[in-house]
Amino acid sequence: MDDLTAFLAGDRLDDVAIYVADTVFDGDHPLSTAGIAVDGGVVVVVAGETGREAFADSTGLDPMAFAKQAMDRTGEIDDRLAGGVCPDAGDTDAEAAIDDHHIEFGFAFAEAENQEVGGLYAEGDVIHAYAHCSCGTDFSQKWVADPPA
């Protein structure tokens, strides 16, 4: 099982995942070979503190401040963290939406199942994912981790 699959299964609760679109870095950037290739970019899964520092160094944003801001908007984030659909893309012309709305980077962490909290957290480990669109919108989505069958 690769690092990303393990992360998405809830098996790497101390780690974070960072998505970077191909449009952000050229093919020679170290992240392009350090992570797992996904549609439209690369996902790197690393130890929590190292990952938070890498995210801050790469984007200039504190990852938890980014997450807090992104929580204000719900959007659709790919289940392999490979981009998503910006909530501001709306019902615009599909071609214009692709040009104006593409996910540049994302950040995710997993939180352990917590029966006391209830709701989604009572169903299993929860993936918290946050994305930044080229239009400037930050958004989030969370879901129950999907352990392999």
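The following refers to the structure shown. Here the structure is a predicted model, which is why all the values come from computation and not from measurement.

1. Description of the pairing of strand β1 (residues 15–21)
Turning to step 1, where the next piece is worked out: With 7 of 7 residues buried, β1 lies mostly within the body of the structure.
Turning to step 2, where the next piece is worked out: Judged by which residues are buried, β1 turns out to be covered on both faces: D15, A17, Y19 and A21 on one side and V16, I18 and V20 on the other are all buried.
Turning to step 3, where the next piece is worked out: The pairing of β1 with strand β3 (residues 41–47) spans 7 bridges and is antiparallel. Each residue of the ladder has a partner; that of I18, found in β3, is V44.
Turning to step 4, where the next piece is worked out: As judged from the 5 bridges shared by β1 and strand β6 (residues 103–111), these two strands associate in the antiparallel manner. Residue A17 lies in a different strand from β6, and its bridge partner there is A108.

2. Re the state of the cysteines
Turning to step 1, where the next piece is worked out: Taken as a whole and judged by the stated rule, the model has 0 disulfides.
Turning to step 2, where the next piece is worked out: Looking at C86, it has no disulfide partner, and the nearest cysteine sulfur is the one in C133, 3.7 Å off.
Turning to step 3, where the next piece is worked out: For C135, which is in no disulfide, the shortest distance to another cysteine sulfur is to C133 and amounts to 3.6 Å.

3. Examining the sheet that holds β6
Turning to step 1, where the next piece is worked out: Strands sit in the order β2-β3-β1-β6-β7-β8 across an open sheet of 6 strands; the sheet is antiparallel. Two strands bound the open sheet, and with one partner strand each, they are β2 (36–38) and β8 (138–144). When the angles between neighbouring strand axes are averaged without regard to direction, this sheet yields 20°.

4. Looking at the packing of helix α3 (residues 48–59) against helix α4 (residues 63–70)
Turning to step 1, where the next piece is worked out: The contact between α3 and α4 brings their axes to 9 Å, and the two run at 80°. Looking at the two axes, α3 sits roughly perpendicular to α4. For the pair α3 and α4, the contacting residues are R52, F55 and A56 in the first and P63, M64 and F66 in the second.
Turning to step 2, where the next piece is worked out: Residue composition of the contact of α3 with α4, grouped by class: 5 nonpolar, no polar and 1 charged.

5. Overview of the nonpolar core
Turning to step 1, where the next piece is worked out: If you look at the biggest cluster of nonpolar residues, it comprises 23 residues, and the most contacted ones within it are F7, V43 and L81.
Turning to step 2, where the next piece is worked out: Contributions of two or more residues to this core are made by α1 (3–8), β1, β3, β6, β7 (126–133) and β8.
Turning to step 3, where the next piece is worked out: Element by element, the count of residues in this core is highest for β7, at 4 residues.
Turning to step 4, where the next piece is worked out: Ignoring sequence-local partners within four residues, the contact set of F7 consists of R12, D15, V16, A17, V45, L81, A108, F109, A110 and I127.
Turning to step 5, where the next piece is worked out: Listed in part, the 12 residues of the second largest apolar core include V20, V42, F66 and Y130.

6. Considerations on the pairing of β3
Turning to step 1, where the next piece is worked out: The buried fraction of β3 is high, at 5 of 7 residues.
Turning to step 2, where the next piece is worked out: Counting the residues between successive antiparallel strands, the hairpin from β2 to β3 contains 2 residues, one of them, G40, with a positive phi of roughly 80°.

About the cut-offs
- Residues numbered from 1 in each chain as written.
- Predicted model: local features only at pLDDT ≥ 70, side-chain atom pairs only at ≥ 80, totals over all residues.
- Heavy atoms only, no water.
- Buried < 20%, exposed > 50% of the residue type's maximum accessible area, 1.4 Å probe, protein only.
- Helix = DSSP H or I, 4+ residues; strand = E, 2+ residues; numbered from the N terminus.
- Pairing = 2+ DSSP bridges.
- Disulfide = S-S within 2.5 Å.
- Axes fitted to C-alpha atoms, helices over the stretch in contact; angles between N-to-C directions.
- Parallel < 35°, antiparallel > 145°, perpendicular 65-115°, else oblique.
- Contact = heavy atoms within 4.5 Å.
- Nonpolar A, V, L, I, M, F, W, Y, C, P; charged D, E, K, R; others polar.
- Core = buried A, V, L, I, M, F, W, Y, C linked by side-chain atoms within 4.5 Å.

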